[in-house]
4 protein chains.
Amino acid sequence: VSTVDLPDIQRTHPEHCLAINWVGVRDLRSPLEVEIDGRATATVATLSLAVALNSNERGTHMSRFVEEIAAFDRPLSASSVADLLRDLAGRLDARSARIDASFPFFLRRQAPVSGSEALVDYEGRVRAVLDDGIAVVTLGVRVPVTSLCPCSKEISDYGAHSQRGYVSIDVRIGDGRLDLADLVTVAEDAASAPIYALLKREDERHVTMTAYDKPAFVEDIARSVAMALSKDPRAASFSVDVENQESIHSHSAWAQILSSP
Amino acid sequence: VSTVDLPDIQRTHPEHCLAINWVGVRDLRSPLEVEIDGRATATVATLSLAVALNSNERGTHMSRFVEEIAAFDRPLSASSVADLLRDLAGRLDARSARIDASFPFFLRRQAPVSGSEALVDYEGRVRAVLDDGIAVVTLGVRVPVTSLCPCSKEISDYGAHSQRGYVSIDVRIGDGRLDLADLVTVAEDAASAPIYALLKREDERHVTMTAYDKPAFVEDIARSVAMALSKDPRAASFSVDVENQESIHSHSAWAQILSSP
Amino acid sequence: VSTVDLPDIQRTHPEHCLAINWVGVRDLRSPLEVEIDGRATATVATLSLAVALNSNERGTHMSRFVEEIAAFDRPLSASSVADLLRDLAGRLDARSARIDASFPFFLRRQAPVSGSEALVDYEGRVRAVLDDGIAVVTLGVRVPVTSLCPCSKEISDYGAHSQRGYVSIDVRIGDGRLDLADLVTVAEDAASAPIYALLKREDERHVTMTAYDKPAFVEDIARSVAMALSKDPRAASFSVDVENQESIHSHSAWAQILSSP
Amino acid sequence: VSTVDLPDIQRTHPEHCLAINWVGVRDLRSPLEVEIDGRATATVATLSLAVALNSNERGTHMSRFVEEIAAFDRPLSASSVADLLRDLAGRLDARSARIDASFPFFLRRQAPVSGSEALVDYEGRVRAVLDDGIAVVTLGVRVPVTSLCPCSKEISDYGAHSQRGYVSIDVRIGDGRLDLADLVTVAEDAASAPIYALLKREDERHVTMTAYDKPAFVEDIARSVAMALSKDPRAASFSVDVENQESIHSHSAWAQILSSP
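Residues numbered from 1 in each chain as written. Chains lettered and ligands numbered in written order. Predicted model: local features only at pLDDT ≥ 70, side-chain atom pairs only at ≥ 80, totals over all residues. Heavy atoms only, no water.

Tallying the contact residues gives 53 residues for chain B and 53 residues for chain A. Regarding the contact of chain B and chain A, the summed buried area is about 4500 Å², with carbon and sulfur atoms giving 57% of it. Three residues, R26(B), R223(B) and W254(B), lead the burial of chain B against chain A; their summed loss comes to 20% of the area buried on that side. In this structure, the connection of chain B to chain A is made through 6 salt bridges. Across the pair D220(A) and R58(B) runs a salt bridge, and its minimum N-O distance is 2.7 Å. (Contact = heavy atoms within 4.5 Å. Buried area = accessible area lost by both parts, 1.4 Å probe. Salt bridge = Lys/Arg side-chain N within 4 Å of Asp/Glu carboxyl O.)

After a rotation of 180° and a shift along the axis of 0.0 Å, chain A superposes on chain D with an RMSD of 0.0 Å. Taken together, the rotation angle and the small translation identify this as a two-fold axis. (Least-squares fit on C-alpha atoms with pLDDT ≥ 70 in both.)

Taken together, the contact between chain A and chain D spans 30 residues of the former and 30 residues of the latter. Across the chain A to chain D interface the summed buried area is about 2700 Å²; carbon plus sulfur atoms make up 59%. Three residues, R29(A), F106(A) and R201(A), lead the burial of chain A against chain D; their summed loss comes to 24% of the area buried on that side. At the junction of chain A with chain D, the criterion picks out 7 salt bridges. The shortest N-O distance in the salt bridge between E123(D) and R29(A) comes to 2.8 Å.

Next up on the list: the relation of the copies chain B and chain A. The two copies are related by a screw motion: chain B maps onto chain A through a turn of 180° and a shift of 0.0 Å along the axis, at an RMSD of 0.0 Å. When the interface residues of chain B are mapped onto chain A, 100% of them again fall at the interface, so both copies present the same face.

This part is about the layout of surface pockets. Of the pockets and cavities examined, the largest pocket occupies roughly 830 Å³. P31(B), T41(C), F106(C), R108(C) and L119(C) are, among the 32 residues lining the largest pocket, the residues nearest its centre. The set of elements that each furnish at least two residues to the lining of the largest pocket consists of β1 (20–36), β2 (39–53) and α1 (62–71) of chain B together with β1 (20–36), β2 (39–53), β3 (96–110) and β4 (117–131) of chain C. Taken together, the residues of the lining of the largest pocket sort by class into 20 nonpolar, 4 polar and 8 charged. Put simply, the second largest pocket is a space of about 680 Å³. (1 Å grid on protein atoms, 1.4 Å probe; cavity = no way out; pocket = protein on both sides within 12 Å on 5 of 7 lines; lining within 4 Å. Points joined across faces, edges and corners; volume = space filled by probe spheres on them. Helix = DSSP H or I, 4+ residues; strand = E, 2+ residues; numbered from the N terminus. Nonpolar A, V, L, I, M, F, W, Y, C, P; charged D, E, K, R; others polar.)

Residue and element names in this part refer to chain D. Bridge count between strand β1 (residues 20–36) and strand β2 (residues 39–53): 13 bridges; the pairing is antiparallel. Bridging across to β2, V34 finds its partner in T41. Hairpin connection from β1 to β2: 2 residues lie between these consecutive antiparallel strands, with D37 at a positive phi of about 55°. By the bridge criterion, 6 bridges tie β2 to strand β3 (residues 96–110) in an arrangement that is antiparallel. Within β3, the position partnered with L47 by the bridge is A101. (Pairing = 2+ DSSP bridges.)

The phi angle at D93(B) is positive, at roughly 55°, despite the residue not being glycine. Along the chain, D93(B) falls in the loop between α2 (78–91) and β3 (96–110).

This part covers empty space enclosed by the protein. In the structure shown here, the tally under the stated rule is 7 cavities of 30 Å³ or more. Computed from the structure, the largest cavity encloses a volume of approximately 60 Å³. In terms of lining residues, the largest cavity is bounded by D27(A), L28(A), R29(A), S250(B), H251(B), L119(D), V120(D), D121(D), I195(D), Y196(D) and A197(D). Broken down by secondary-structure element, the contributors of at least two residues to the lining of the largest cavity are β1 (20–36) of chain A together with β4 (117–131) of chain D. Across the lining of the largest cavity, the residue classes break down as 6 nonpolar, 2 polar and 3 charged.

On to the environment of G176(A), then. For G176(A), the position within the fold is in the loop between β6 (162–173) and α4 (180–190). Measuring from C-alpha to C-alpha, the distance between G176(A) and R234(A) comes to 5.4 Å, with 58 residues separating the pair along the chain.

Take T210(A): it is sitting in helix α5 (residues 201–213). T210(A) has contacts with S192(A) and A193(A), leaving out every residue within four places of it along the chain.

This brings us to the pattern of salt bridges. Under the definition given, this model contains 78 salt bridges over all chains. For K200(B), the salt bridge is made with E67(C), and the minimal N-O distance between the two is 3.3 Å. Separated into two different chains, K200(B) in the loop between β7 (193–194) and α5 (201–213) and E67(C) in helix α1 (residues 62–71) make up a pair that spans both. For D83(D), the salt bridge identified is with R74(D), shortest N-O distance 2.8 Å.

Residues and elements named next belong to chain B. As a packed pair, α1 and α2 sit with axes 10 Å apart at the nearest point and diverge in direction by 150°. With respect to α2, the element α1 is oriented roughly antiparallel. Considering how the two elements wind past one another, α1 and α2 form a crossing that is right-handed. Contact with α1, carried on its side by R64, F65, E67, E68 and I69, involves L84, D87, L88 and R91 of α2 and no other residues of that element. Along the lines of polarity and charge, the residues of the contact of α1 with α2 split into 4 nonpolar, no polar and 5 charged. (Axes fitted to C-alpha atoms, helices over the stretch in contact; angles between N-to-C directions. Parallel < 35°, antiparallel > 145°, perpendicular 65-115°, else oblique. Left-handed = near helix turned anticlockwise from the far one by under 90°.)

With that settled, consider the packing of aromatic side chains. Applying the stated rule across the entire model yields 12 aromatic pairs over all chains. Between the aromatic rings of Y158(B) and Y212(D), the centroid separation amounts to 5.3 Å while the plane-to-plane angle is 50°, which identifies the pairing as tilted. Of this pair, Y158(B) sits in the loop between α3 (150–155) and β6 (162–173) while Y212(D) sits in helix α5 (residues 201–213), placing the two residues on different chains. Through pairs of rings, three or more aromatic residues link up here, namely F103(A), F105(A) and Y122(A). (Phe/Tyr/Trp six-rings, centres within 6.5 Å; stacked < 30°, edge-to-face > 60°.)

Before going further, it helps to examine the environment of E57(A). Looking at where E57(A) falls in the secondary structure, it is placed in the loop between β2 (39–53) and α1 (62–71). Residue E57(A) is classed as partly exposed on the basis of its relative accessible area, which comes to 30%. Note: C-alpha distance between E57(A) and I20(A) (37 residues apart in sequence) is 9.5 Å. Ignoring any residue separated from it by four or fewer positions in sequence, one finds E57(A) in contact with Q10(A), T12(A), P14(A) and R223(B). (Buried < 20%, exposed > 50% of the residue type's maximum accessible area, 1.4 Å probe, protein only.)

Residue and element names in this part refer to chain D. Where β3 meets β4, 15 bridges bridge the pair, whose relative direction is antiparallel. Residue pairing in the sheet places F106 in a bridge with D121 of β4. Two successive antiparallel strands, β3 and β4, enclose a turn made up of 6 residues, where G115 displays a positive phi of approximately 75°. The hairpin formed by β4 and strand β5 (residues 134–148) contains 2 residues between the paired strands, and D132 there has a positive phi angle of roughly 50°.

This next bit is on the side chain of Q256(C). Residues and elements named next belong to chain C. Tracing the chain through its elements places Q256 in strand β9 (residues 252–258). Using a relative accessible area of 18% as the deciding quantity, one classes Q256 as buried. Polar side-chain contacts of Q256 include one of 3.1 Å to the side chain of D241. (Polar contact = N/O pair within 3.5 Å; in protein donor to acceptor, adjacent residues only side chain to side chain.)

Residues and elements named next belong to chain C. Where helix α4 (residues 180–190) meets helix α6 (residues 218–230), the closest approach of the two axes is 8 Å, and the angle between their N-to-C directions is 140°. If you check the angle between α4 and α6, you find them oblique. By crossing handedness, the relation of α4 to α6 is classed as right-handed. Contacts between α4 and α6 pair L183, V186, A187 and A190 from the former with I221, S224, V225, A228 and L229 from the latter. Within the contact of α4 with α6, the residues separate by chemical class into 8 nonpolar, 1 polar and no charged.

Before going further, it helps to examine the state of the cysteines. Residues and elements named next belong to chain B. Applying the stated criterion across every chain yields a total of 0 disulfides over all chains. No disulfide involves C149; its sulfur sits 5.1 Å from that of C151, the nearest cysteine. For C149, a relative accessible area of 9% puts it in the buried group. (Disulfide = S-S within 2.5 Å.)

Take the confidence of the model for chain A next. Keep in mind that low pLDDT regions are not for reading the predicted coordinates in detail. On average, residues of chain A score 96 in pLDDT, and 98% of them are at 70 or above. Predicted complex, confidence summary: ipTM 0.95, pTM 0.97. (pLDDT = per-residue confidence, 0-100.)

As a further point, take helix α2 (residues 78–91) of chain A. Residue and element names in this part refer to chain A. For α2, with 14 residues, the first-to-last C-alpha span of 20 Å sits near the 20 Å given by 1.5 Å per residue. S80, V81, A82, L84, L85, L88 and A89 are the residues of α2 that are buried. Against β2, α1, β3 (96–110), β4 (117–131) and β5 (134–148) lie the buried residues of α2. (Expected span 1.5 Å × (residues − 1).)

See the structure below:
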């Protein structure tokens, strides 16, 4: 049996004549390179790719999404993802298309006193949406940080509870070149202290006192990030979500700021 | 030390004078009752509660969110969640407030031939948002279904691959009373076959042939659900997301339709 | 077509004549009652049930596992799970059988100063294994706690990092009646401080200073739990696993002690 | 303050004089290379490292575990992980040590008719345990497969339900060189059909009919894998776990075979 003889059910007419906003593949894993701190670095991404489907077409061609990823051999960046997006839309003859990628990435960090080096892990994400010829690219990170509670410090004779927090930032790209590593810096600067993979005793002393000297609520962290991004021309718009995995509760405290469009 | 003497850091002024869209608690688990098929049934929910915070207030009072849930003793429904929402906004003196709850729920299903009964599990969710005095309530479900591929059936001499799919529906409530069980029915009617917890051999024969007789792409299922909801006055607006966990791939196929607002 | 006419493939002979250690159903969700603090309380459990299969039988009868759960109408406890286990083995004519159940549960806790009450959530689990007529039942909990680092406190001029930890305990039942609530107490007593859902300011002051006064490594917590259990005749054997979700790292510290058999 | 002046709390005596089976770090993420199909390939691993601690030592030195990983620059393999294990034990002066690594990996697969190529994703894991000088290394995989129900096929006039299954194999290394890719082959050979990332229509026809021609219960798949491994001198011992994510149920069917030690 050759392909020519096999019926193409996707091309038949649907029972209900309704346009579909997004159709494609989800949870597709692929090794790829991502541009971090200006350099291509290997990681493993989880991808979702989709296109819009007209009301009179029954189905999309799922294998083409996979072929696009299989043929993609550039490091993922704001510009390469926009090119991939246009290829995808063209290949599937679609008016709208979108790509979502999420992946772990790593930055080499020096411990603050000993200078010992190790990699800290972050979550990165890239979203690209093409609509009527316009591609909009959003870069995002999820950054673990230390947060120390200002209320606990103020009301107690000694000590103050701290915990791991996560600062999530998503930025729609504006003017200039934005790197995921830049967003990590914005997140870490807003917290009580950055997180490290490797700390010797003299470093642990340093980060303990640094955090105590800079207590921050989720509200404080969210506002600091929003303030930094609102002044940055590289951010056309942004959202910031801060979650503290409270050490005195089994639930989290969270705050979210969305920039005006 | 009495409470009166303890400083209230949350009431001080923030360093950055920015309004916060949402601040509150997340991943708070609580046993509660949910109204399913007209009856209050016990489940365990994961909750998120938040309010808007003015630009000149440093922090919200996190313990009040927990107190609201601790004091809530009604079955969760479209009307009770709206009341809880107003209480929350009033208690925290906030212009906007929101509540998100997700929880497993169960419906007793009869196997199609033997009539054997057992409970099938679904995910439910309720979202309520209050903005300037208007409460908007959204009900949602995630329903496991059987899907059988129309293309595989058509191009093969025998057989056709099937797999577990998940139909997610979220509906903003319009006119009349909407029950989570109704949304489950809409989802199951659109699939190749509903899923059961308990099937004897004669039932398995029935569902195997039922699914073969009713092949459906993610696109087909999404359109059927959208068609049913677009005719239902109880749905002011809706979104439907269909995901097939393909048995021939390790990724999923998915389709999404969002109603016009 | 009646059931009588349908072939029973499971009863045919397997291609490879090998005994199977465990075969059954997994990730079956069911609402059920669990005995907590001496009282039956509603929750939602995730269950796994299995039996051993002889080398000359091709397959087990999966629907019978579901029927057993559908017919089970007692609160889950050490004695009821042992009865369920024997029913299951008898029903499937199996020499060995096992049941694993995990579920969230809640205990009402009073804040230490204000006395405010709210529910704290824990994970519980029950495992029952039947082998040649002997049923062995294991009860387990996963308890969130506050831990404060002894090293950080000692080496810093002020402050000390704290974080959320999780103490997991599994106990094979020995002499006397053991309750999941008892295991929660053992875990909380070993930590720097218990976790609460609801804390007013005076309570937060109290738990902050309590934790600072009782710093504990994962090693310290594991040893305290092991010491308490080794003296308790209700524990025939046990394992304890402590994990601190470090606030200064994005990885966890962990320690594990297994009792001698 | 220099390190020399900072007290080393870990070296003090514990309150309870109990040996600790395992203490170390967990959920440490690191980019690394793994040997797959004889070639070093980049991936991101999640690691757990631990040592045994004597009853008279209060704590281990957590930063040394991270230093070991930071300094490890070889592709992960049965031999390199054994070397890492000995380094770790030596560095921490411990009698026992263990390392657990899990990571995604990819194999290039050709579609069965069109020959189209794309990467399929698998989960790999390596465990190494050192006890009194003896290192035991275990390699494992989790492989997605297609399974088609023999009962459904036999009792139905047409069709047969299929679903995604996962075959998990863990093998303690015996004589000769074992590769993760070999374990993938064992898993895929036992299933109704392997899974592909990219299938054109002629390929989908082929896998649909292949699976229909080779129905397999979880019991059948587990036995086929066990039979293959029991004849392989490279497997000193093994466990196999097969889980079918049933398309007609929302729970899974599973079977497990453990080799005699």
